[in-house]
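# Structural overview
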Amino acid sequence: IAATLNNLGYIALLEGAFDQAGAYLEEGLGLFREIGSRAAIVQTLTNLGHVASAQSKDPVAMSRFHEALTASRELNAAPLTLEILAGVARLRAKAGDLEQALMLVASLEPVLKELNAINDRLSHLETKVDRIRIAPVVLSHEQPQEEAEDLLVRTFAQDFVDDDD
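We now turn to the structure provided with this report. (Residues numbered from 1 in each chain as written. Predicted model: local features only at pLDDT ≥ 70, side-chain atom pairs only at ≥ 80, totals over all residues. Heavy atoms only, no water.)

### Quick word on the packing of helix α1 (residues 2–14) against helix α2 (residues 18–35)
α2 packs onto α1 with a crossing angle of 160° between their chain directions and a minimal axis gap of 8 Å. Judged on the interaxial angle alone, α2 and α1 are roughly antiparallel. In terms of crossing hand, the pair formed by α1 and α2 is left-handed. Judged by residue contacts, Ala 2, Ala 3, Leu 5, Asn 6, Leu 8, Gly 9, Tyr 10, Ala 12 and Leu 13 of α1 engage Phe 18, Gln 20, Ala 21, Tyr 24, Leu 25, Glu 27, Gly 28, Leu 31 and Phe 32 from α2. Its residues assigned to classes, the contact of α1 with α2 shows 13 nonpolar, 4 polar and 1 charged. (Axes fitted to C-alpha atoms, helices over the stretch in contact; angles between N-to-C directions. Helix = DSSP H or I, 4+ residues; strand = E, 2+ residues; numbered from the N terminus. Parallel < 35°, antiparallel > 145°, perpendicular 65-115°, else oblique. Left-handed = near helix turned anticlockwise from the far one by under 90°. Contact = heavy atoms within 4.5 Å. Nonpolar A, V, L, I, M, F, W, Y, C, P; charged D, E, K, R; others polar.)

### Observations regarding the environment of Glu 74
You can see Glu 74 is positioned in helix α4 (residues 58–75). Between the alpha carbons of Glu 74 and Arg 38 there is a distance of 9.5 Å; along the sequence they are 36 residues apart.

### What about the pattern of salt bridges?
For the coordinates displayed, the defined rule picks out 6 salt bridges. Glu 74 is the partner of Arg 38 in a salt bridge, and the nearest nitrogen-oxygen pair spans 4.0 Å. Remark: Glu 74 occurs in helix α4 and Arg 38 occurs in helix α3 (residues 38–54); sequence separation between them is 36 residues. Taking the relative accessible area as the measure of exposure, Arg 38 reaches 45% and is therefore partly exposed. Among the residues examined, Glu 74 registers a relative accessible area of 57% and is labelled exposed. Put simply, Asp 58 and Lys 94 hold a salt bridge, and the shortest N to O gap is 3.1 Å. (Salt bridge = Lys/Arg side-chain N within 4 Å of Asp/Glu carboxyl O. Buried < 20%, exposed > 50% of the residue type's maximum accessible area, 1.4 Å probe, protein only.)

Structure representation (structure tokens):
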């Protein structure tokens, strides 16, 4: 139920129905707090920050972002931290503090690089998983056992070369 409320709140936010978005998100936040879902709490607080910012309730938005940022850092959740800092930078720019906003945006670059590196690694791992999935197919063909084993060795030999990069 809490996830559904958060999703409905986010949709309402995107549609510009800020009061409705806030209501859904607040209700979802209460449920997430009850069950102790920390990552969901951070995401909902971030969404509430965006709602407050859209409503020009900047002190409320900053408070929501601050609470979300503290919890996000405890979780070591880079994507959430990135979104929160972007929201704070937007608030700083809106308040006319362009220097602080630019500093925040500049601080996002290392996080973006880290996320890109993680995405690259995940793509590499997906390729390995795909190779593992084809192994039974390779072995099931009517070919001599020696040829099948040789093919598998050649297929997986690249994994060891890739891991050293």
